[in-house]
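Next come the chains, spelled out residue by residue.
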Amino acid sequence: MRIRWRSPIRGPWLTSVLGLVLLCSLPVVILTGLLDWVAYGPGQAIPADVGVLHLPLFDWPTRPSWLFRLTQGLHVGLGIVLVPVVLAKLWSVIPKLFTALPRNPVKAAERATLVLLVGGILFEIVTGLLNVQYDYVFGFSFYAAHYTGAWVFTAGLVLHVVLRFPAMVRGLRSRSFRGELRTPLAQTRPEPPADLVAPEPDRPTMSRRGALALVGGGSLLLAGLTVGQTLDGPLRATALLLPRGRTLPGDFPVNRTFAASRIDPAAVGSGWQLDLGSLQLTREQLAALPQHTAALPIACVEGWSTRQTWVGVRLRDLAALAGVPAPESALVTSVEEGPFARASLTRAQVLDPEALLALRVNGADLTPDHGFPARVVVPALPGVHCTKWVRAMEFRA
Amino acid sequence: MTGLRAVGVLACLTLGASAATIVVRDPTLHPSIPWMLAWFAGALLLHDLVLFPLYAAVDRALVRLPTGPVPLVNHVRVPLLGAGLTLLVHLPGIIRQGGPVHLGATGLDQTPYLARWLWLVLAMAGASALLWVVRVTRRSVAGG
Ligand code: HEM
């Protein structure tokens, strides 16, 4: 089978420009993804056992308080925005995928690694997009698959960059970028004969600058439909097609409703007490302790975030009350049962002056959806660990 | 040079294989491995053998559109690509897949997405058509 490739603008220059964009942006997506794993905190990330395949471990800081909002917002946001660039890059090199496997075994093996590169990025995009839209059709653990896929993709990417970097530089130098921006359709000619350049191209219907504008426009469109999930106020609704552009009237988003938690309402009713080990506190007793206000983001691992004003008791005050004024860590348990019903906080996360066991938000008691009777909010802590419906806190010396 | 390349390829495959051990090491994940592989290969094959031929074929039809004084092709291509891209990225909400988890996570159902997407497509198509009309009018004014 011989395919007649027709595009008059496909060629090394266009591929190199798209490659450069990805070379600058994909490392950010990889790095912020790997940071997410670290942000879960010691021993709590999923998958748990990744051998040596993780970033150097460090205690996730509490400052700046918008740190996780930024890193995870970038991860998911940039991941979505790059979809058109990835698709365009694949379009630009697709004739190569339909050529025979080279005879030379090293070249053939090199070609095989493209499976890791292309399969890897498509797998990461597909699983990520499904995850942020709560569609678990794939039926396997998102975390394990996305984390493993990330390293498979990274392996393919590093080799690809090492091998192709010189070709990219040559491609970029082969034409003037400014010149292309000034070249209209009528003056658009195919690149000189080379790999990727069609030997018998069709008449151009789009200039190179038009093609770049088209890809950039696609990215802008997706960016415009995505940023809203990290903004508060009326602009949130601009995330038209994402779950997190919408909220219940007068509310801000949650990652789990009270109904979905399957908590017996009686368990968080008037008989509820916070168990600190050495003592138990009713909600009235908690409310009688010194209250502090903090405007802090809830930043979900799924990339959305929202900043709200919380009022509650400082975790370090509770630690002192429990008789552990200088804790090394704290184990928070929820009334809810399930994989995210407990979270361990580091020393810095307990001692931060804005780390709260919140009782109120935006001037009113927490609603059941937001974690009534009490929930944890800690600066820069992934939302999944800002435990709701807290039952017990164990401060460890 | 070939030696260096061989080392690079080997390093890449080693890293890829050690990544795979993450799922191999956890016995609870073993039943999922075939599915993960199927999705990995599926994503690749679906792109190369379905998505690409499909959009290439549509584009072949588009370039045959009347050229006239202001060619129509890009005025159809651009909104069509916008529609396809947003459909691809937001498919779960648009076709309402994953409703129960969506409801449990957000407290909301997936009803609005399809209509919103259709409005978005309509807006893109409308804007592109309007621009075409403006260009045609300008041209005939300039030419006439
Ligand atoms: C080049 C592509 C990508 C790479 C290399 C990558 C890598 C990673 C890594 C290493 C993690 C950490 C996983 C863990 O903590 O277990 C992660 C998390 C995540 N990624 Fe990606 N990712 C990519 C693309 C995407 C895209 C396109 C999206 C969505 C639109 C996405 C959504 C997510 C989400 C929601 C998480 C959070 C998982 C959680 O902790 O619950 N990723 N990513």
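Small disclaimer: the values here were computed from a predicted structure and weren't measured.

### Re the overall build of chain B
Okay, so step 1: Helix and strand content of chain B: 6 helices and 0 strands.
Okay, so step 2: In sequence order, chain B lays out its α and β elements as α-α-α-α-α-α.
Okay, so step 3: For 144 residues, the compact-globule formula gives about 15 Å, and the C-alpha radius of gyration of chain B, at 24 Å, lies well above that figure.
Okay, so step 4: Viewed in the frame of its principal axes, chain B has a C-alpha envelope of about 75 × 55 × 20 Å.
Okay, so step 5: Looking at chain B as a whole, 30% of its 144 residues are labelled buried.
Okay, so step 6: For chain B, contacts bridging at least 24 residues in sequence account for 37% of all contacts bridging at least 6.
Okay, so step 7: Split by element, the accessible area of chain B, about 8400 Å² in all, is 76% carbon and sulfur.
Okay, so step 8: For chain B, the separation between the mean place of its 10 positive charges and that of its 4 negative charges on side chains is 17 Å.

### Considering the domain arrangement of chain A
Residues and elements named next belong to chain A.
Okay, so step 1: Parsing chain A into structural domains produces domain 1 (12–238) and domain 2 (258–396).
Okay, so step 2: On a C-alpha basis, the centres of domain 1 and domain 2 stand 38 Å from each other.
Okay, so step 3: Across the boundary between the two partners, domain 1 contributes 30 residues, which contact 26 residues of domain 2.
Okay, so step 4: Of the roughly 2200 Å² buried where domain 1 meets domain 2, counting both sides, 52% is carbon and sulfur surface.
Okay, so step 5: Looking at the side of domain 1 facing domain 2, the largest losses of area belong to Tyr40, Thr62 and Arg69, adding up to 26% of the total buried there.

### Describing the site of the ligand
All names here are of chain A.
Okay, so step 1: Taken together, 29 residues surround the ligand, and among them Asp36, Tyr40, Ile46, His75 and His146 come closest.
Okay, so step 2: A distance of 2.7 Å separates a nitrogen atom of the ligand from a polar atom in the side chain of His75.
Okay, so step 3: Secondary-structure elements contributing two or more residues to the shell around the ligand are helix H1 (12–39), helix H2 (67–81), helix H4 (105–132) and helix H5 (142–173).
Okay, so step 4: For the shell around the ligand, the leading source of residues is H1, giving 7 residues.

What counts, and where the lines are drawn
- Residues numbered from 1 in each chain as written.
- Chains lettered and ligands numbered in written order.
- Predicted model: local features only at pLDDT ≥ 70, side-chain atom pairs only at ≥ 80, totals over all residues.
- Heavy atoms only, no water.
- Helix = DSSP H or I, 4+ residues; strand = E, 2+ residues; numbered from the N terminus.
- Rg over C-alpha atoms; globule rule 2.2 N^0.38 Å.
- Buried < 20%, exposed > 50% of the residue type's maximum accessible area, 1.4 Å probe, protein only.
- Contact = heavy atoms within 4.5 Å.
- Areas by Shrake-Rupley, 256 points an atom, 1.4 Å probe, with all protein chains shown as cover.
- Lys, Arg positive; Asp, Glu negative; His and termini not counted.
- Charge placed at Lys NZ, Arg CZ, Asp CG, Glu CD.
- Domains from an automatic or database assignment.
- Buried area = accessible area lost by both parts, 1.4 Å probe.
- Near = heavy atom within 4 Å.
- Polar contact = N/O pair within 3.5 Å; in protein donor to acceptor, adjacent residues only side chain to side chain.

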